[in-house]
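Fold and contact review
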Amino acid sequence: MGEPSTSSEKPKYWRTPLDIDKLQMPKGKVFIIKERCKGCGFCVEYCPRDVLELSYEFNSKGYHYPYPKNEEACVNCKLCDMLCPEFAIYTVDATKEKKTEVEKVGN
Amino acid sequence: METESGVLTGEHFLSGNEAFGEGALAAGCRFFAGYPITPSTEVAEHMAERLPQVGGIFIQMEDELASMNALLGAAWAGQKAMTATSGPGFSLMMENLGLGVVTETPCVIVNVQRGGPSTGLPTLVGQADMMQAKWGSHGPYEIIALSPSSPQECFDFTVKAFNLAEQYRTPVLVMGDEVVGHMTERVVIPPADKIERTPRRTPRVPPEKYLPYEPDPDGVPQMALAGQGYKMHITGLTHDRRGYPVISEEAQADMIGRLVEKIRKNREKITEYEEESCEDADVIVCSYGISARTSQLAIENARAEGIKVGVFRLIVVWPFPESKIDELAGKTKGFVVPEINCGQISLEVERCAHGKAKTILVPHAGGGTHNPDNILEAIRRAAA
Amino acid sequence: MIQQQESTIVEHHPMDVLLRQDRIPHIWCSGCGLGTSLTAFINAVRDCGIPLEKISVVSGIGCTGRVAGYLNLDSFHTTHGRALPFAVGLHLGNPSLKVIVFSGDGDLISIGGNHFIHTARKNMDITVICVNNFNYGMTGGQGAPTTPLGSRSTTTPYGNFEFPFNIPHLAAASGATYVARWTALDTRRLKNSMQEAILRRGFSVVEVISPCPTLFGRLNRLGTGLDMMKSYQENSVIRHGADPASVAMGKDGKIIVGKFVDIERPTYLDMMKQALGGRFNIPIPERSVDKTEIPMDGE
């Protein structure tokens, strides 16, 4: 796995796009259905932004379920959603809300 | 005269195997999946020729396992479907006959019986699959089986089999035999509008209210078809009324209870037989299929000797006419059961006679029909 | 431990519309690749554009055989090995349906092997998703026709000495018109392949290499499901268009994945129409198909 990047880091580009000032990193929000989780760890291992960690707590089946330790870094790539064998995690696009806020500030 | 309905109305000179095919077409069958096997192959050949003419599909599958499954798939797609087989092919179909029973899938299987076991006598007659018809797939269930004695009955009973399959949502077996299958006789096919065709019992409720195994008052559930938006789940596992697998004693009791009861409760409506002079008979010859015809000379000769002989011929073999045999047992000295096996239906007759009348089996190992003298001899013994 | 936000915990998943929610959680073990394969499949079904009521899923027996029971589609859980002939009947009984068989390696290739080659030979317009976990999971880890040489199973306790099948080769040689293989980890490519396979006409096969940590993994000391996924990451090589004969598992430890075959050949019904259509009126409704390639990166 590559080095985890966090939200505090600046996004790295191979070349700086001309419209960098207009680009916005997508943002995601993580949702977890903790009772479905069987603790396989696929989502935690393969999250490219190192957003997730297994909880200390158990769910009622006795598995450690994930939680977003670093949700700020989520870019809504949905890999956790697609890898999860239990339909127990998904992300949604949270960029829009932010954009609206940005637009508001701009206004 | 061919009509749109696929009914070959008129008088024909047909073999039993051809008549099975024509009966299926007249009943609305538009899907046949099969595999060549003697002595039933002519049914497949006839359907390969006839089905395209009426807009249906014939497919030769890789084996009988596949044929049986293709029937079930086609039935869930909305088709009336049939296959025909013999001997080892019937054995191969047993696995998924069970799937048809447990998923309550209407379809018709013709078995043109030959001599067995194993490869046995491919070209010669047998009637030794009668108990296999009843018990051949594993597990507890009830089945419907008919037995034709002539090409005309091959036609009539195949139509009847399709209607029973739709009425009770179950695979129905037509237990022919090599002699009847290869016998060529006059077959009268009625006009299409005179042929009764039971339609599929499709759901009368919208998808959100539909339960695939919630029975109607007669014990039979409504059947949604693939592609209609009912999103049903159908499984060979023991299931609840939603169709979901439930591995428990209770679910098994509910499902098997209903599967068995839908046939047993309707037994009187399903059973069919032909009786002649049974009321005051000394001896009743109880038979079916070709053996019912070989018995005729023996019956005539016995009557000439002064023995009062009644004739009881099974049309529907399964479910067995238990109460009728019980009733007749109280009126006669004995039953004579000629069949081309070493004792199958005779056991049922004996069971249902409850010791009130003796049962004499006239066995035959297969490969030919009875010598009527052997049947006559048994009639004399029963009358004594 | 960081206190988690309550807003993160929810009750439902967006994919629930395609699941029989009253049957979830499913029976598959922790670390099993079947759930991930099903996720890819649901995404493929959702994006393929075919109305959901026109899709039927047929499974056989085994762990993978349970797939049909979790999908909120017309779904049929048939007997062991018989999903394909059942699917043939369903397809020919109503050709406007898209019929998909989702089953395991033992079900499709061993007990159902004869059905597999003949359905491919006839080029039935059916899609097969074959999840290969190299053993019989449901019955407790017995040897399968895919078990690699030397691998342990409960019926090969001294190591398997039977040559295994190479599923893409078998499919292609038998006449399949679309053949791909991915591991359960390649979830996006797997989803794209499934989607392509569903939209192609003809017999399409997608093999999914999937971890069975409880049995095959444990018996062969391969670690957890996650460990097995990591080994896929290390050992799989994408080779689109590779000769299916060259993609047997286990050669130099590599798992060759990719889209191997994507050709056109008339289907069973095309051939039937061609042979009989001039003489008879056999009504054969068409289903929607799409030949568009979905870009899948690779070499």
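Above this text you will find the structure in question.
The shown structure was predicted, so the numbers you read here are calculated from the model rather than taken from an experiment. (Residues numbered from 1 in each chain as written. Chains lettered and ligands numbered in written order. Predicted model: local features only at pLDDT ≥ 70, side-chain atom pairs only at ≥ 80, totals over all residues. Heavy atoms only, no water.)

**Remarks on the sheet that holds strand β3 (residues 98–104) of chain C**
With mixed pairing, the nine strands of this open sheet are ordered in space as β10(B)-β2(C)-β1(C)-β3(C)-β4(C)-β8(C)-β7(C)-β10(C)-β9(C). Edge strands, defined here as strands with exactly one partner in the open sheet, are β10 (233–235) of chain B together with β9 (236–238) of chain C. Averaged over all adjacent pairs, the angle separating strand axes in this sheet is 20°, with direction ignored. Relative to strand β2 (residues 74–77) of chain C, strand β1 (residues 55–59) of chain C runs parallel, the two being bridged by four bridges. Each residue of the ladder has a partner; that of Ser59 of chain C, found in β2 of chain C, is His77 of chain C. (Pairing = 2+ DSSP bridges. Helix = DSSP H or I, 4+ residues; strand = E, 2+ residues; numbered from the N terminus. Axes fitted to C-alpha atoms, helices over the stretch in contact; angles between N-to-C directions.)

**Looking at a nonpolar patch on the surface**
A cluster of nonpolar residues, Tyr13, Ile20, Leu23 and Met25 of chain A, forms a patch on the protein surface that exposes about 330 Å² of accessible area. Relative to the helices and strands, Met25 of chain A is located in the segment before β1 (28–32). (Patch = residues over 30% accessible without salt bridge, like charges linked within 9 Å, V, L, I, M, F, W, Y side chains within 5 Å. Areas by Shrake-Rupley, 256 points an atom, 1.4 Å probe, with all protein chains shown as cover. Salt bridge = Lys/Arg side-chain N within 4 Å of Asp/Glu carboxyl O.)

**Details of the interface of chain C and chain B**
With 42 residues of chain C at the interface, the matching set in chain B holds 41 residues. The contact between chain C and chain B buries some 3200 Å² in all, and 60% of this surface belongs to carbon and sulfur atoms. Interface area lost by chain C to chain B is led by Asp74, His77 and Phe86 of chain C, which between them contribute 16%. One can count two salt bridges joining chain C with chain B. As a salt-bridge pair, Asp22 of chain C and Arg242 of chain B come within 3.4 Å of each other at their nearest N and O atoms. Remark: the boundary between chain C and chain B carries 21 residue pairs in polar contact (both at pLDDT 80 or more). (Contact = heavy atoms within 4.5 Å. Buried area = accessible area lost by both parts, 1.4 Å probe. Polar contact = N/O pair within 3.5 Å; in protein donor to acceptor, adjacent residues only side chain to side chain.)

**Side note on the packing of helix α3 (residues 83–93) of chain C against helix α5 (residues 113–121) of chain C**
Residues and elements named next belong to chain C. Put simply, α3 and α5 touch, their axes get as near as 8 Å, and they point 35° apart. Between α3 and α5, the contacting residues are Leu84, Pro85 and Val88 on the first element and His115, Phe116 and Thr119 on the second. In terms of residue class, the contact of α3 with α5 is made up of four nonpolar, two polar and no charged. (Nonpolar A, V, L, I, M, F, W, Y, C, P; charged D, E, K, R; others polar.)

**Things to note about the pairing of strand β3 (residues 57–60) of chain B**
Residue and element names in this part refer to chain B. Here strand β2 (residues 31–34) runs beside β3; their pairing, made up of four bridges, is parallel. Within β3, the position partnered with Phe31 by the bridge is Ile57. A crossover links β2 with its parallel partner β3, the connecting element being helix α2 (residues 41–53), and its sense is right-handed. (Right-handed = clockwise from strand over helix to strand, strands pointing away.)

**Looking at the interface of chain C and chain A**
Counting from both sides, the interface comprises 41 residues of chain C and, opposite them, 37 residues of chain A. For the pairing of chain C and chain A, the buried interface totals around 3100 Å² over both sides, and the portion due to carbon and sulfur atoms is 62%. Ranking the residues of chain C by area buried against chain A places Thr8, His13 and Arg188 of chain C at the top, with a combined share of 18%. Between chain C and chain A we count two salt bridges in total. In this structure, the salt-bridge partner of Lys230 of chain C is Glu45 of chain A, at a minimum N-O distance of 3.6 Å. Where chain C touches chain A, the interface holds 16 residue pairs in polar contact (both at pLDDT 80 or more). Looking at the side of chain C that touches chain A, the elements with two or more residues in it are α1 (34–47), α7 (187–199) and α9 (225–235) of chain C. In terms of residue count, the dominant contributor to the side of chain C that touches chain A is α1 of chain C (seven residues). Taken together, the residues of the side of chain C that touches chain A sort by class into 20 nonpolar, 16 polar and five charged.

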